[in-house]
Every structure is written in C-alpha cells, then in structure tokens.
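Next come the chains, spelled out residue by residue.
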Protein chains: 2
Amino acid sequence: MAERTQYEELMRQFSAFGAVRRELGRILPSDCPGGSAAVLTLLGRHGAMRMSRLAELLAVDMSVTSRHVAHVVDRGWIERSADPSDKRSRILRLTPSGQIRLDELSRRTAQLLADRLSDWSDEEVGQLIRLMARLRADFGDCRTHPAQPPPGETPHTPELEHTTRTPA
Amino acid sequence: MAERTQYEELMRQFSAFGAVRRELGRILPSDCPGGSAAVLTLLGRHGAMRMSRLAELLAVDMSVTSRHVAHVVDRGWIERSADPSDKRSRILRLTPSGQIRLDELSRRTAQLLADRLSDWSDEEVGQLIRLMARLRADFGDCRTHPAQPPPGETPHTPELEHTTRTPA
DNA sequence: TATTGTTATACTCTATAACTATA
DNA sequence: TATAGTTATAGAGTATAACAATA
C-alpha cells in the first residue's frame, strides 16, 4: 500500500502517457486508425473469434467493436463469417491481406519503439511490460465492477454486468 | 536494446492501457472532463503560467489547450489575466474555487488508485512511476522530433518545430 | 515578419439507446 | 424473454488551418 502523494504522482504519469499514445498513433497509415490496428493485432494474436470475445479483449462496448470491425472488413483485412452453431454470432478471421497489413504495422511499431527506447535494457522493458500487465489486471473487468460514481451522478452501469455490452 | 517480440508485447500493453484510462475517467464529475482535470492538476502543481507553457506541459497543440482552458474559465476554476510584459500573453492561475475542485479530484483519484492497487507495494508503485516518467522523457518532445511518416503520407510537421503550436 | 492565442472544422474514439435477428 | 450484433446519436479529445492582436 503506497502513500497518497505517490498515487497523485502516478496519476500524473498516466495523464502524461497520452503524449506517448499520440506519438505512436502518428505512424499509422491514414486508412488504418488505432481502432483498426487494435482489431488486427488481437485477431493476429488470438486467432479467429466472435465479436463479443473481441469486445472483451478490446475492453470497449460491443457497439464500438462493431464499428471498428466494419471499417476493417470494408478494407478486406478480416472476414466476418456466420457461426453455424449460433446464427446470431459472427466469426472474425484475418485475411491474407490483413495478415500482410498486420505484419507491416507490427514492423513499423517495433521500429519506432526500438528507436525511442534504444537505451532501455531488455530487463527494463520487461519490467514495464510486467507492471503494465498487472495494472491492467488490477483495473480489469472495469465494466463489471464499476467505480463509485461521483455524488449526484448517475452510475454508468446500474448493476453488476457480466458482458461487455450496452444494457438493453 | 530489447527484442522485437518484446516491443510488440509492450505495444499491446500500451493499447490495453486505454481501459485503465477510461476507468479513471469514469470517476470525474460530468462538468469536469479529463481535459479540465489535467489543466487544474498542472496549474496546481506548477503554479501560474502562460498558455504556451501549459500547452507544452499538456503536450498538445495550443488550440486544444485553449479549448480546455476556456471550459475551466467558464466554471470559475481558473482566472485568465493579461500579462503586463506581453499583451499577447495571458497568465493562468487557479482560483480558490478551482483549488477546492482540484483537492476534491485529487482525493477521489487517490482513493480509486488505493482501492485498485491495494496489493501493490510502495516500491512497486514507485517503479511504475519511474518507468513511465522515463518513457515519457524518451518519447518527449514528440512534436519537435516527429516520427518518420508512413510512406505515401504527408508528415504532420513538415520541419523541426520548437513550439507546441499549429504551423502558421 | 514573427509570435501568442482563439476559433472553425474535421476526424477518431467512446458510450448510450433503440433496433433486428436468433436462441 | 434474453442474447449477439448493428446503427444512430452525442460527447470528449485532438489536429490543421485561418484569423486577430501584439511584438
């Protein structure tokens, strides 16, 4: 358990991290914004999956996922096929052209990181990865355990949710 | 210098960090979005300053800073007074009501972090702070050293810039 | 002419809500 | 009735460009 001033400093670093995020976003091709890149990356890493699973991995609402996916499908980078076992579901899968796109993105990103973090040791990069993974885990299931809303405000999720979707 | 797969993993963590950011955003009062909170925090930490300095600390374009500041001024949380030494400039300063708002935000944020990171040691939180600060430094001056733009794309900043503003 | 700041416009990401189709 | 997914709409954040006032 850390002290309050430490939490304030951590919050400051979180806020400043936006600059890193934006810088990484600048190397994306104009037809492949961040949302599309995230979809390609997750499909590349985890293989074919349903929309709901992708929404969970992206940690955003399924409506958002649907929009990102539509953009990527339009460009032919993934295919959206029917799930024979449940006709409501759709299975997402990288196409060969999507794999090429992903490889290119991956190469470009690694290049930029290698450039900016040239004086970081392997161990230091690993440390940051571990801490951020743990951070994510401890904040994980954000949408299933909503924070106490500000007084006078309506909570964004009225009850415990076990899905990553808009309440009906 | 780390390996490529490590950079890809790091990128994945960066991407997933969005969920943490959004969760932290959910505890903000509806009249104080993230941009306003960042303005208050930086003025509280560094004291009165000019727009250009604030834009530099926020690491966003001055046009964005201007918008955030206008929102905060409208609510009476900061005052925007003329700089006697340069009539083009404006000095920003927290008002007493802004200080109260900031204290409240700070308290609420520390509370959420203390809750989510309850099993992190003081040392671990410090480690994350140090690594993120270094990350920010190594990505720092993003706008003054633009990354190589994608092939076939126009660079966002045509030349080396030494200010945080839209090229005229 | 160059600099400080503001405003108008456009784009991305996100959430909520309403809707369709299937279970 | 509940679930998977889509679409419409609204709000926040950001960047670029054009502009006004001052240096």
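Each value, and the rule that gives it
Residues numbered from 1 in each chain as written. Chains lettered and ligands numbered in written order. Predicted model: local features only at pLDDT ≥ 70, side-chain atom pairs only at ≥ 80, totals over all residues. Heavy atoms only, no water. Helix = DSSP H or I, 4+ residues; strand = E, 2+ residues; numbered from the N terminus. Buried < 20%, exposed > 50% of the residue type's maximum accessible area, 1.4 Å probe, protein only. Contact = heavy atoms within 4.5 Å. Areas by Shrake-Rupley, 256 points an atom, 1.4 Å probe, with all protein chains shown as cover. Salt bridge = Lys/Arg side-chain N within 4 Å of Asp/Glu carboxyl O. Polar contact = N/O pair within 3.5 Å; in protein donor to acceptor, adjacent residues only side chain to side chain. Nonpolar A, V, L, I, M, F, W, Y, C, P; charged D, E, K, R; others polar. Pairing = 2+ DSSP bridges. Axes fitted to C-alpha atoms, helices over the stretch in contact; angles between N-to-C directions.

Draft legend 1. Examining the overall build of chain A more closely. Of regular secondary structure, chain A possesses six helices and three strands. Beginning at the N terminus, the succession of helices and strands in chain A can be written as α-α-β-α-α-β-β-α-α. Across the 168 residues of chain A, 45% fall into the buried class. For chain A, the proportion of contacts with a sequence separation of at least 24, taken over those separated by at least 6, is 48%. Taken as a whole, chain A presents about 8700 Å² of accessible surface, with 51% of it coming from carbon and sulfur.

Draft legend 2. Here's a closer look at the interface of chain A and chain B. Contact with chain A, which involves 75 residues of that partner, is made by 75 residues of chain B. For the interface between chain A and chain B, the tally reads six salt bridges. Here B:Arg134 makes a salt bridge to A:Glu124, at a shortest N to O gap of 3.0 Å. Linking chain A with chain B are 18 residue pairs in polar contact (both at pLDDT 80 or more). Only α1 (4–25), α2 (34–46), α3 (51–58), α5 (96–116) and α6 (122–138) of chain A provide two or more residues apiece to the side of chain A that touches chain B. Here the side of chain A that touches chain B gets 19 residues from one element, more than from any other, and that element is α1(A). Of the residues that constitute the side of chain A that touches chain B, the class distribution is 39 nonpolar, 14 polar and 22 charged.

Draft legend 3. Spatial organisation of the sheet that holds strand β3 (residues 90–94) of chain B. Residue and element names in this part refer to chain B. Taking strand neighbours across the sheet as the criterion, the three strands line up as β1-β3-β2 in an open arrangement whose pairing is antiparallel. For this open sheet the edge positions go to β1 (49–50) and β2 (78–82), each flanked by a neighbour on one side alone. Where β1 lies against β3, two bridges are found, and the strand directions are antiparallel. Following the sheet pairing, Met 49 is matched in β3 by Leu 92. Contacting β1, β2 and β3, helix α2 (residues 34–46) runs over the sheet at an angle of about 90 degrees to β3. Contacts between helix α4 (residues 62–74) and the sheet are confined to β2 and β3, with β2 contributing the most and set at about 110 degrees to the helix.

Draft legend 4. Up close: the pattern of salt bridges. Residue and element names in this part refer to chain A. Evaluation of the coordinates by the stated rule reveals 28 salt bridges over all chains. Between Glu 8 and Arg 4 there is a salt bridge; the shortest N-O distance is 2.8 Å. In this pair, Glu 8 and Arg 4 both sit in helix α1, four residues apart, roughly one turn of the helix. Because the salt bridges share partners, they merge into one network encompassing Glu 23, Arg 26, Asp 115 and Arg 116.

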